[in-house]
Amino acid sequence: MRVVIVGGGAAGVCAAGFLRRPDLYSAASQIASSDIEVVLLEKGDAILRKLRATGNGRCNFTNVHVSAAHYTGNSADKTASTLSRFAFREAVDFFSLLGIPHTTLESGMTYPATLRADTVADRLMEWINDAGVSVRTGCSVETLTRQEKCFVLTLASGEKIMADVVLLATGGSYGIGKKEWSNGYTLAKNLGHRLTRLHPGIVPLAVQETARTAALSGIKLKAQITAQTTCITDDVLFSTYGLSGTGILRVSNRVLDALNDGHVTSSRREKSNNDRNTAELLLNLLPDRREEEWLAYLHGLAARFPTWPAKALFSGILPTKVVDQLLLECGMNEKSEASEENWTRVLHRASAWPFTIIGAHKNDHGQVTCGGVDTAQWNSRTMESLCCPGLYLIGEVLDIQGECGGYNLHWAWASARAAAEALEKSAR
Ligand SMILES: Cc1cc2nc3c(=O)[nH]c(=O)nc-3n(C[C@H](O)[C@H](O)[C@H](O)COP(=O)(O)OP(=O)(O)OC[C@H]3O[C@@H](n4cnc5c(N)ncnc54)[C@H](O)[C@@H]3O)c2cc1C
């Protein structure tokens, strides 16, 4: 059997290795490594280029909390069976077999113990070299057609390559540079697949209240973020254009999905001046205590320091510039007196500070692509297309996106492993 894999990213490389070394995940495997010929085609000048840039060069390759709940897409629940067969434990065991021990942060985000993405990329490359995968870089697949019993792939050079089975692992439309942008969507579409709407994901968000965020630019704090149906507590960073930080990246996919689909579930559904959808995001800047507890705290402080104005009472619990902004928005100033009425106004504002999201900060850049090949036309157990037998789709090319935190790479490994397992079974 000749398998051609299109795309030398995380999913494609991992599938290539699993296909040639099935013993690494299945002791029961009957297939000798030479039974399946594997050709990996990558249009860039090297494989795994994006992987080296992941996690700020540290590669957050999985997460303790991996489950379907951390994925979105037109039917993200279809990830559940794949993830249950290749969960966090299987992922770290697999990397350990390749000589990559891991380290896990309190948040569940998991990295190679060296904290270097190069470690993961280099080991994977050695693994597939050892396994006898034929790797060809500088090979952009321009067309993919199905003939009676095989596939024909035409490269940009005009060369034609035949395959019994094709794995489409072409990734997404956004990433580290335009060179890596995928034309995999067109390849899939021409074979009868529907595409769902594409937009960048895991991105900073642009807001309407830029005067406010610009005044606070560079300030990072921990806040409870409520957006759409999600409520999490994590870092928020204010910027001239809007909001960033890990917490914002974590909720960005769902917020942008809602904006793009036009079904915004926030309390304020309104159109901005240029007539586009907006979504409301609320920040609770004081998530560690309930309002009554903060009131009791402020009463105690004011009793000890009766001459302090309201600003002084809040300046110990929030950055001064944030306090100034809250006072301004409550119609107060730095001299406003420390009365219970004033505290309560500031507390209310700080615990549900509304922001109007107008879109992604940049429309041509994101860590992940939301949308992709419609998973209704895909078998979530085998990864095989339902409308083009012999074509398998893995990784980010599908309409399956993970949150920020290692979920996207985990999906790349898990889907690669599921496809290899299904192919090994059919070869057997
Ligand atoms: C800056 C950055 C940081 C990230 N950090 C993390 C992180 O820490 N943790 C995490 O889980 N996720 C992270 N991600 C997301 C993660 O990298 C991707 O979800 C993952 O790489 C997807 O794997 P993939 O193999 O499906 O696609 P890719 O890794 O994008 O690989 C696809 C490959 O296919 C090639 N290709 C495309 N079209 C063709 C064609 N027609 N012919 C031949 N080759 C083609 C491309 O050149 C590319 O090399 C990050 C992404 C970015 C951009």
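Residues numbered from 1 in each chain as written. Predicted model: local features only at pLDDT ≥ 70, side-chain atom pairs only at ≥ 80, totals over all residues. Heavy atoms only, no water.

### Describing the sheet that holds strand 2 (residues 37-41)
Under the convention used in this document: At least two bridges found by DSSP between two strands are what make those strands a pair. The helix count covers DSSP runs of H or I at least four residues long, the strand count covers runs of E at least two residues long, and both are numbered beginning at the N terminus. Simply put, an axis is a line fit to the C-alpha atoms, just over the touching stretch for a helix, and the angle between two N-to-C directions goes from 0 to 180 degrees.
The strand order 7-2-1-11-20 describes an open sheet built from five strands, whose pairing is parallel. Across the chains shown, the open sheet's two edge strands, defined by having one partner strand only, are strand 7 (134-136) and strand 20 (391-393). Here the strands of the sheet are splayed against their neighbours by 20 degrees on average, with no regard to which way each runs. Two strands pair when backbone bridges link them, and strand 1 (residues 2-6) and strand 2 are joined in this way by five bridges, in the parallel orientation.

### Some details on the sheet that holds strand 17 (residues 279-284)
Applied cut-off: Contacts are assigned to residue pairs with any non-hydrogen atoms lying within 4.5 Å of each other.
Taken together, the six strands give a closed barrel; going around it, the order is 13-16-15-14-17-18, and neighbouring strands pair in antiparallel fashion. Across the sheet, the axes of successive neighbouring strands diverge by a mean angle of 50 degrees, strand direction being ignored. Sheet analysis places strand 14 (residues 220-227) next to strand 17, joined by four bridges and oriented antiparallel. If you follow Ala 227 over to strand 17, its bridge partner there is Leu 281. Strands strand 17 and strand 18 (353-360) of the sheet are contacted by helix 12 (residues 340-351), whose axis makes an angle of about 125 degrees with strand 17.

### Section: the environment of Met 332
Put simply, the rule is: Accessibility here uses a 1.4 Å probe with only protein chains present; expressed as a share of the type maximum, an area under 20% marks a residue as buried, one over 50% as exposed, and anything in between as partly exposed.
Mapped onto the elements of the fold, Met 332 is located in the loop between helix 11 (320-329) and helix 12. Residue Met 332 is classed as buried on the basis of its relative accessible area, which comes to 9%. Sequence separation between Met 332 and Val 251 is 81 residues, and the spatial gap between their C-alpha atoms is 32 Å. Aside from chain neighbours lying at most four places away, what touches Met 332 is Ala 310, Leu 327, Asn 342, Arg 345 and Val 346.

### Observations regarding the confidence of the model for the chain
The condition is simple: Each residue carries a pLDDT score, the predictor's confidence in it, ranging from 0 to 100.
On average, residues of the chain score 91 in pLDDT, and 93% of them are at 70 or above. This model gives residues 263-274 a pLDDT under 50, and the stretch forms 27 contacts once residues within four places in sequence are excluded.

### Re the side chain of Asn 63
Note the following rule: Polar contact is the term for a pair of N or O atoms within 3.5 Å; when the atoms are in protein, one must be able to donate a hydrogen and the other to accept it, and sequence-neighboring residues count only if both atoms are side-chain atoms.
Checked against the element boundaries, Asn 63 lands in strand 3 (residues 62-63). On the basis of relative accessible area, Asn 63 is assigned to the buried category, the value being 2%. A polar contact is formed between the side chain of Asn 63 and the backbone nitrogen of His 65, at a distance of 2.9 Å.

### A short note on the pairing of strand 14
With burial as the criterion, only one face of strand 14 is covered, namely that bearing Leu 221, Ala 223, Ile 225 and Ala 227; the residues Lys 220, Lys 222, Gln 224 and Thr 226 on the opposite face remain uncovered. Pairing of strand 14 with strand 15 (residues 230-238), which is carried by eight bridges, proceeds in the antiparallel orientation. Opposite Ala 223, over in strand 15, you have Asp 234 as the bridge partner. Counted along the chain from strand 14 to the antiparallel partner strand 15, the turn is two residues long, and its residue Gln 228 has a positive phi close to 50 degrees.

### A short note on the site of the ligand
The criterion, for reference: Consider each residue's heavy atoms; a residue with any of them within 4 Å of a molecule or strand counts as near. The Shrake-Rupley method, run with a 1.4 Å probe, gives the accessible areas here. Residue values count only the displayed protein chains as cover. All amino acids are sorted into three groups, where Ala, Val, Leu, Ile, Met, Phe, Trp, Tyr, Cys and Pro are nonpolar, Asp, Glu, Lys and Arg are charged, and the leftover types, Gly among them, are polar.
As a structural note, the neighbourhood of the ligand is formed by 31 residues, with Glu 42, Lys 50, Asn 183, Glu 396 and Leu 409 the closest of them. The contact in question runs from a nitrogen atom of the ligand to an N or O atom on the backbone of Asn 60, over 2.9 Å. One nitrogen or oxygen atom from the main chain of Gly 406 is found 3.4 Å from an oxygen atom belonging to the ligand. Alone, the ligand offers 990 Å² of accessible surface; in the complex the protein occludes 93% of this. Elements represented by at least two residues in the shell around the ligand include exactly helix 1 (10-20), helix 2 (49-57) and helix 13 (407-427). The biggest single contributor to the shell around the ligand is helix 2, with four residues. Tallied by class, residues from the shell around the ligand come to 10 nonpolar, 16 polar and five charged.

### Digging into the nonpolar core
Rule in force here: As used in this record, nonpolar core signifies buried Ala, Val, Leu, Ile, Met, Phe, Trp, Tyr and Cys residues forming a set joined through side-chain atoms within 4.5 Å.
Ile 5, Leu 51, Leu 124, Leu 153, Leu 167 and Trp 413 are the most contacted members of the largest nonpolar core, which totals 82 residues. Counting residues per element, this core draws most heavily on helix 13, which supplies 12 residues. For Ile 5, the contacting residues outside a window of four places in its chain are Gly 12, Ala 15, Ala 16, Leu 19, Val 38, Val 39, Leu 40, Leu 41, Leu 167 and Ala 169. In terms of nonpolar packing, the next biggest core, distinct from the first, is built from 46 residues, Val 203, Ile 248, Trp 294 and Cys 330 among them.

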